[in-house]
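In case you want the letters, here they are:
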Protein chains: 4
Amino acid sequence: MINVGLIGYGYWGPNLARNFAEADGVRLTAVADGRADRRDAAGRRFPGVAACDDALSMIDRSDVDAVAIATPLETHFPLAKAALERGKHVLIEKPFAASKADAETLASLADARGLRLMVDHTFVYNGAVRRIRSLIDAGELGELLYLDSVRVNLGLLQHDSNVIWDLAVHDLSIMDFLIDARPVAVSADGTTAGGVGHENVAYVTVHFDGGFLAHFHVNWLAPVKIRQMLLGGRQRMLVYDDTQPSEKVRVYDKGVDVDRVDARDGEMRRQILISYRTGDMHAPTFDRREALALVVREFADAIAQHRAPLTDAAAGLRVVSLLEAADASLRAQGRRVAL
Amino acid sequence: MINVGLIGYGYWGPNLARNFAEADGVRLTAVADGRADRRDAAGRRFPGVAACDDALSMIDRSDVDAVAIATPLETHFPLAKAALERGKHVLIEKPFAASKADAETLASLADARGLRLMVDHTFVYNGAVRRIRSLIDAGELGELLYLDSVRVNLGLLQHDSNVIWDLAVHDLSIMDFLIDARPVAVSADGTTAGGVGHENVAYVTVHFDGGFLAHFHVNWLAPVKIRQMLLGGRQRMLVYDDTQPSEKVRVYDKGVDVDRVDARDGEMRRQILISYRTGDMHAPTFDRREALALVVREFADAIAQHRAPLTDAAAGLRVVSLLEAADASLRAQGRRVAL
Amino acid sequence: MINVGLIGYGYWGPNLARNFAEADGVRLTAVADGRADRRDAAGRRFPGVAACDDALSMIDRSDVDAVAIATPLETHFPLAKAALERGKHVLIEKPFAASKADAETLASLADARGLRLMVDHTFVYNGAVRRIRSLIDAGELGELLYLDSVRVNLGLLQHDSNVIWDLAVHDLSIMDFLIDARPVAVSADGTTAGGVGHENVAYVTVHFDGGFLAHFHVNWLAPVKIRQMLLGGRQRMLVYDDTQPSEKVRVYDKGVDVDRVDARDGEMRRQILISYRTGDMHAPTFDRREALALVVREFADAIAQHRAPLTDAAAGLRVVSLLEAADASLRAQGRRVAL
Amino acid sequence: MINVGLIGYGYWGPNLARNFAEADGVRLTAVADGRADRRDAAGRRFPGVAACDDALSMIDRSDVDAVAIATPLETHFPLAKAALERGKHVLIEKPFAASKADAETLASLADARGLRLMVDHTFVYNGAVRRIRSLIDAGELGELLYLDSVRVNLGLLQHDSNVIWDLAVHDLSIMDFLIDARPVAVSADGTTAGGVGHENVAYVTVHFDGGFLAHFHVNWLAPVKIRQMLLGGRQRMLVYDDTQPSEKVRVYDKGVDVDRVDARDGEMRRQILISYRTGDMHAPTFDRREALALVVREFADAIAQHRAPLTDAAAGLRVVSLLEAADASLRAQGRRVAL
């Protein structure tokens, strides 16, 4: 039985608490939050759990083997560092850390202590995303050509960072999971339209070795909610639309065939013959279980089995590197920033 | 009565021919195309019209007062120049010209000769687009914040240029019509995924004086057809979805209000209070007439009334400048190119 | 403070319990269910509430002023009768009763005892439905012409009755709330396709004084979930689509104008000139609060204020009369059954 | 070469004319219409074709081997009879005839003379409908359980008949093509809401041997255009939505399994165990050619090959029988009318 203490009972914390409470082999023993109203809420919802006002003393408790951190981004590093130094396994909400340097420090520390350090890239555990990965692995899409993602709606969840750290982090973690090619550079543009102090409309482009291109539109000022991802392959292409009640993943038997022939019509010496294939569409079913339950399961199993979790510190570091590069590009007028 | 000669009876030419044939005060007198099968098709469809194999001699005909050019991009300049030099009014398919220099030369020539020179930015005459312009003029949207456009599908129409010149030209001409602020720079990124020799997936960002941002996703490798534009205003926001059979324009009474207050909670000295308004949605009706009929009408009226057409050479030049800057940015790794 | 005892902690009971627990002026004091696992679940979720295995003894408790009944249909009558006889106010899940006779007996009993008797027609408290009622009241739709409703999906919730009693009861209660005209007859057809023993695909038609027609398609064998209602008025028409994440209610400025003129063309002596108007579409916002919270509020207020609730026994009786007539029509090959 | 004369150049006639003009082995030689403006339109569009003001003399022409009739319903019978009596093959627009008796007379006459008599049930030649038929033939859907069709929009095309003869005729012809079971009775209900003199909102139910049920909602007073058909099978279910730009046919691997077991729980002696299967969705591609071109092809081939066409007089008669029964049911308060 792994005893877990949760730090932060704001927006996401209650979801983590519920999943820890319901998982086998795990026990939620303590919740820490600086606000009394949240401690009260946690106490009512989970009567047997200790409600603490101080995170550090909660980390120290003997009935806490592992710590889950669901606090604002800037506190991830000090809290995770404290927990690792006290020998506790750590699960951190995304984004993993506020900088690449912090992420590396945490990874080294966990490594040195032999502790599990995991980032909650929730979408990696989503049934639709895992189904897409299995389609890629089975060669259904053929060579991957591009990924385009739109994640827009009205309203922001965080006001201490820009929309890239808040929304694109989801899509970058999905990309990190799906795409095996190596990203080499990031460019980003955006606007602080509406005057909220940091970018609330932004575009991020990730360039890969070999020509694969990924592009992300994230936006807190859109009148409609869009969660749509296109993934183009040479054999097939897919659309993942998370706002659909069903058929969220649609695989199109469409693609492009390119031939080069010598032409003799006097106009072009070499002609490119392009043909488009268009065939059936197929919407596969997938595991509908709550992704966060699988996150909690993976954390517990990684601890029990003394192995790295699927979304380990390295995954957190990769995504933070992309976010940091996007910020650098924003400050450099959209210039391409090497990773 | 204005006698019109049409050059090019390929993809778009027959549409122009039909609209010239049906318009009042205009007569289609001649069609020129280098291919015999196309001349035959034009002859069968328009029995009284002269079918010519040579564009230049057609331009010379005494029963040709004005020339419409619907040929590949690289021929726009020589054909338009020849027609203007022979004292004929000219309507050119978009893109207006292959370079800013060519566009300027044509504009000067028409100006010197007192001839009408017009570009067929068809979407400017589209009822939905004109309705959006009237909503902006009426102040319904408030201060404009950003424009985001997606125009993607499977298959290319042109193989002599990249997807920006083929698809984004539509959206840039819409932007040129709708947005009064001055664009100052362009950046673009793309991929030749699939190996067709030029970019078939591309992203273009246009930066404006005052912070307004416009972004365009154009793509020949998408499994689904998307024609969606978001236009965010401080008062209201709209979605223009051209694939919808009805309610193509949807105006959302949604917006963002930002207040700055002095905060005394020890964490932030200045707090930004952001509130989102969300209200009714309204889908206005609009003129459903064929846009191209209005293009032909405007060309004839501008000639008859000795005035500049709505989409004059200056409009053509502005859009070509954007396209040229996008190409320059593509070649410079997405660097921002000043206009 | 009104003390409420809940009978039945199966599918719907937990929702009622949660809303009673959260409402002001109401206290959930007891839950009765014959199954131990459900009593345990209720006990864990609501620690201070008495979990009873016998409904009748729970009704007798001195700390139970009012009883909510969320049990299978055939038990509604005996349980409600027992509660009313013991002087307790009663809220019954829809359908109100298994027969018109039972419904009338309960209504008389409550009346004689001066007790509140309410049916949980949840949709009457739904913000979209109430918004539609206010549009009708404001004359926005003009004279009402017809109502068409489709409520289909895969899978049944109840297996002790046909799909009409399970699904159409929702739509009939909405109709009862929206339409002031008097229904005069019902016809119904259906099929037991798939062999489940009672109708799982059915169509119900309700005929009104004055020509208004209402029609309902309910279906447990549909591969897609549809929740769509058309309401046609002479001035405007609306679509209520409950599966949409937003813009659930759409009001179309569309209608039909009919004129009769004397024609002299030798073919018809009297010509009907019909013109269709088509204008803007408008999607009004509405109250998004949980309908069941308002049901509980109304029950408590009706008790406190000694007044009839909005969905009183008479409403329950009207809907049960329609259901009973539909069953009679089913057994009579779809013959029209007078109400 | 088969020489065809077309009677009626109103709404549908020009489509027939175009397809006859473009088909191999067929020549459009004459068009008859009582209105001069329509004859002029036909003459301009088809210069070499004789434009006649009298249908009967056109039928008599020696350069007319076959006659296509696209006139108002009440003239179908006299025109077709005259043509058959003069030894000409006949293609008639749907509905085939205004009564079952007329339809039978025409069928007998064609049979006696050895002439081809065909009805233009266009949807039977539609690629989506033929794809559905092939899915049924391949056993993909399993035993068929029900068909539900909705065909609604604003505005009527015909004002000399009710909405059933105008719209349901399409769906009944599709049903006639898809469903092999024998229809045994029809019931119908409707309203003349809006006061146009005949039903403009109607519901038709067709009962089959063996329990299969088909239901049709047709409506000229709907604010939105819906063209949706559900076809439920025991193995799979499909949705055919003709308003979708793509994926019009969607096959759901969903179904219902029913088992009967002896239960011993004291409540039910026999328990029905129902389980729902839910799996992938598949949208097959299909032939996108214009259906009417295939209608013309089939007419020409049937003549050339001396064989019955796919939609022969018998098909026309079956659909007219259903329409006539629906009218009888409308006049009898929705009573079930045997076929």
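Residues numbered from 1 in each chain as written. Chains lettered and ligands numbered in written order. Predicted model: local features only at pLDDT ≥ 70, side-chain atom pairs only at ≥ 80, totals over all residues.

1. Concerning the interface of chain A and chain D
Inference 1: The partner chain D presents 8 residues to the 9 residues of chain A that form the contact.
Inference 2: Per-class residue counts for the side of chain A that touches chain D are 3 nonpolar, 4 polar and 2 charged. (Contact = placed C-beta atoms within 7 Å. Nonpolar A, V, L, I, M, F, W, Y, C, P; charged D, E, K, R; others polar.)

2. Notes on the packing of helix H7 (residues 163-178) of chain C against helix H9 (residues 313-331) of chain C
Residue and element names in this part refer to chain C.
Inference 1: Close contact between H7 and H9 brings their axes to 10 Å; oriented N to C, the two are set at 130°. One finds that H7 runs oblique with respect to H9. The chirality of how H7 crosses H9 is right-handed. Touching Ile164, Trp165, Val169, Leu172, Ser173 and Asp176 of H7 are Ala315, Arg318, Val319, Leu322, Leu323 and Ala326, all from H9. (Axes fitted to C-alpha atoms, helices over the stretch in contact; angles between N-to-C directions. Helix = DSSP H or I, 4+ residues; strand = E, 2+ residues; numbered from the N terminus. Parallel < 35°, antiparallel > 145°, perpendicular 65-115°, else oblique. Left-handed = near helix turned anticlockwise from the far one by under 90°.)

3. Quick word on the relation of the copies chain A and chain D
Inference 1: The two copies are related by a screw motion: chain A maps onto chain D through a turn of 180° and a shift of 0.0 Å along the axis, at an RMSD of 0.0 Å. Within this description, the copies of the chain are treated as partners about a two-fold rotation axis. Of the C-alpha atoms belonging to chain A, the one lying closest to the rotation axis is found on A:His282, 2.2 Å away.
Inference 2: A high fraction, 89%, of the interface residues of chain A reappear at the interface in chain D, so the copies pair face to face through one surface. (Least-squares fit on C-alpha atoms with pLDDT ≥ 70 in both.)

4. A look at the interface of chain B and chain A
Inference 1: If you look at the interface, chain B gives 43 residues, while chain A gives 43 residues.
Inference 2: The set of elements that each furnish at least two residues to the side of chain B that touches chain A consists of strand S7 (144-154), strand S8 (183-191), strand S9 (201-208), strand S10 (213-219), strand S11 (221-233), strand S12 (237-241), strand S13 (249-262) and strand S14 (270-283) of chain B.
Inference 3: Per-element tally for the side of chain B that touches chain A: the top contributor is S11(B), with 6 residues.
Inference 4: For the side of chain B that touches chain A, the class distribution of residues is 22 nonpolar, 15 polar and 6 charged.

5. Thoughts on the pairing of strand S2 (residues 26-32) of chain D
Residues and elements named next belong to chain D.
Inference 1: The buried fraction of S2 is high, at 6 of 7 residues.
Inference 2: As defined by bridge partners, strand S1 (residues 2-7) adjoins S2 across 6 bridges and the pair is classed as parallel. Within the sheet, the bridge partner assigned to Gly5 lies in S2 and is Ala30.
Inference 3: Between the parallel elements S1 and S2, the chain passes through helix H1 (residues 13-22) in a crossover that is right-handed.
Inference 4: Of the strand pairs in this sheet, S2 and strand S3 (residues 50-52) are connected by 3 bridges, and their pairing is parallel. Across the sheet, residue Ala32 finds its bridge partner in S3, namely Cys52.
Inference 5: In terms of handedness, the path from S2 via helix H2 (residues 36-45) over to S3 forms a crossover that is right-handed. (Buried ≥ 20, exposed ≤ 12 C-beta atoms within 10 Å, placed from the backbone. Pairing = 2+ DSSP bridges. Right-handed = clockwise from strand over helix to strand, strands pointing away.)

6. Examining helix H5 (residues 100-113) of chain D
Every α-helix winds through 3.6 residues per turn, so residues three or four apart in the chain are directed the same way.
Residue and element names in this part refer to chain D.
Inference 1: If you check H5, its first and last C-alpha atoms are 20 Å apart, about what 14 residues at 1.5 Å a residue would give, namely 20 Å.
Inference 2: All of the buried residues along H5 are Ala103, Leu106 and Ala110. Buried residues of H5 fall within an arc of 65° about the axis and therefore sit on the same side. Opposite the packed face of H5, turned more than 90 degrees from it, sit the exposed residues Ala101 and Ala112.
Inference 3: One or two residues past the end of H5 sits Gly114, with phi positive at roughly 70°. (Expected span 1.5 Å × (residues − 1). Arc of directions from axis to C-beta.)

7. Overview of the nonpolar core
Inference 1: Counting 464 residues, the largest nonpolar core has A:Leu6, B:Leu6, C:Leu6 and D:Leu6 as its most contacted members.
Inference 2: Residue contacts for C:Leu6: discarding those within four places in its chain leaves C:Gly13, C:Leu16, C:Ala17, C:Phe20, C:Leu28, C:Val31, C:Ala68 and C:Ala70. (Core = buried A, V, L, I, M, F, W, Y, C linked by C-beta atoms within 7 Å.)

8. Considering the relation of the copies chain B and chain A
Inference 1: Rotating chain B by 180° about the axis while translating it 0.0 Å along that axis superimposes it on chain A, leaving an RMSD of 0.0 Å.
Inference 2: Both copies share a contact surface, since 100% of the interface residues of chain B are interface residues in chain A too.

9. Observations concerning unusual backbone geometry
Residues and elements named next belong to chain C.
Inference 1: Here the residue pair Lys94 and Pro95 is connected by a cis peptide bond, since its omega of -10° sits within 30 degrees of zero.
Inference 2: One non-glycine residue, His306, lies in positive phi territory at about 50°.
Inference 3: Along the polypeptide, His306 turns up in the loop between helix H8 (291-304) and H9.
Inference 4: Even without being glycine, Gln333 reaches a positive phi, approximately 55°.

10. Regarding helix H4 (residues 76-85) of chain D
Residue and element names in this part refer to chain D.
Inference 1: Of the residues making up H4, those classed as buried are His76, Phe77, Leu79, Ala80, Ala83 and Leu84.
Inference 2: Looking at the buried positions of H4, the neighbouring elements they touch are S1, helix H3 (55-60), strand S4 (66-69), strand S5 (89-93), H5 and strand S6 (117-120).
Inference 3: Two residues or fewer after H4 comes Gly87, characterised by a positive phi angle close to 80°.

11. A short note on the domain arrangement of chain A
All names here are of chain A.
Inference 1: We note that the domain assignment places domain 1 (2-121 + 291-308) and domain 2 (124-287 + 322-338) within chain A.
Inference 2: Centre-to-centre separation of domain 1 and domain 2, based on C-alpha positions: 31 Å.
Inference 3: At the interface, 11 residues of domain 1 touch 11 residues of domain 2.
Inference 4: Per-element accounting of the side of domain 1 that touches domain 2 gives the leading share, 3 residues, to helix H8 (residues 291-304). (Domains from an automatic or database assignment.)

12. Quick notes on the sheet that holds strand S2 (residues 26-32) of chain A
Residue and element names in this part refer to chain A.
Inference 1: The strand order S3-S2-S1-S4-S5-S6 describes an open sheet built from 6 strands, whose pairing is parallel. Pairing within the sheet leaves two strands with one partner each, and these edge strands are strand S3 (50-52) and strand S6 (117-120). Direction aside, neighbouring strands of the sheet carry axes that sit 25° apart on average.

13. Some remarks on the sheet that holds strand S5 (residues 89-93) of chain B
All names here are of chain B.
Inference 1: Read across the sheet, 6 strands follow the order S3-S2-S1-S4-S5-S6 without closing on themselves; strand pairing throughout is parallel. On the outer flanks of this sheet lie strand S3 (50-52) and strand S6 (117-120), each paired with one strand and no other. Averaged over all adjacent pairs, the angle separating strand axes in this sheet is 25°, with direction ignored.
Inference 2: Pairing analysis gives 4 bridges linking strand S1 (residues 2-7) to strand S4 (residues 66-69), with the strands arranged parallel. By the bridge assignment, Gly5 is partnered in S4 with Val67.
Inference 3: Of the strands in this sheet, S1, strand S2 (26-32), S4, S5 and S6 touch helix H8 (residues 291-304), which is tilted by about 175° from S6.

14. Considering the pairing of strand S8 (residues 183-191) of chain A
All names here are of chain A.
Inference 1: Taking burial as the measure, the 9 residues of S8 include 7 buried ones, the bulk of the element.
Inference 2: Relative to strand S9 (residues 201-208), S8 runs antiparallel, the two sharing 8 bridges. Pairing of Gly190 across the sheet is with Ala202, part of S9.
Inference 3: In this sheet, strand S15 (residues 337-338) lies alongside S8 in antiparallel orientation, the contact comprising 2 bridges. If you follow Ala185 over to S15, its bridge partner there is Ala338.

15. Things to note about the environment of A:Met237
Inference 1: Mapping A:Met237 onto the fold places it in strand S12 (residues 237-241).
Inference 2: Along the backbone, A:Met237 and A:Val296 are 59 residues apart, and their C-alpha atoms lie at a distance of 32 Å.
Inference 3: Not counting residues within four places of it along the chain, the set of residues in contact with A:Met237 comprises A:Leu230, A:Leu231, A:Gly232, A:Tyr252, A:Lys254, A:Gly255 and B:Pro223.

16. Some words on the confidence of the model for chain A
All names here are of chain A.
Inference 1: Residues with a pLDDT of 70 or more make up 93% of chain A, whose mean pLDDT is 93.
Inference 2: With pLDDT under 50 throughout, residues 265-270 is counted as low confidence; its partners more than four residues away or in other chains account for 5 contacts.
Inference 3: The ipTM assigned to the predicted complex is 0.93, against a pTM of 0.93. (pLDDT = per-residue confidence, 0-100.)

17. Some points on the environment of C:Ala185
Inference 1: Note that C:Ala185 resides in strand S8 (residues 183-191).
Inference 2: Setting aside anything within four residues of it in sequence, one finds C:Ala185 in contact with C:His207, C:Arg336, C:Val337, C:Ala338 and C:Leu339.

18. Some remarks on the packing of helix H6 (residues 127-137) of chain B against helix H7 (residues 163-178) of chain B
Residues and elements named next belong to chain B.
Inference 1: Running from amino to carboxyl end, H6 crosses H7 at an angle of 30°, the nearest separation of the two axes being 10 Å. Judged by the angle between their axes, H6 and H7 are roughly parallel. Remark: the crossing between H6 and H7 carries right-handed chirality. The segment H6 lies against H7, with Val129, Ile132, Arg133 and Ile136 engaging Ile174, Phe177 and Leu178.

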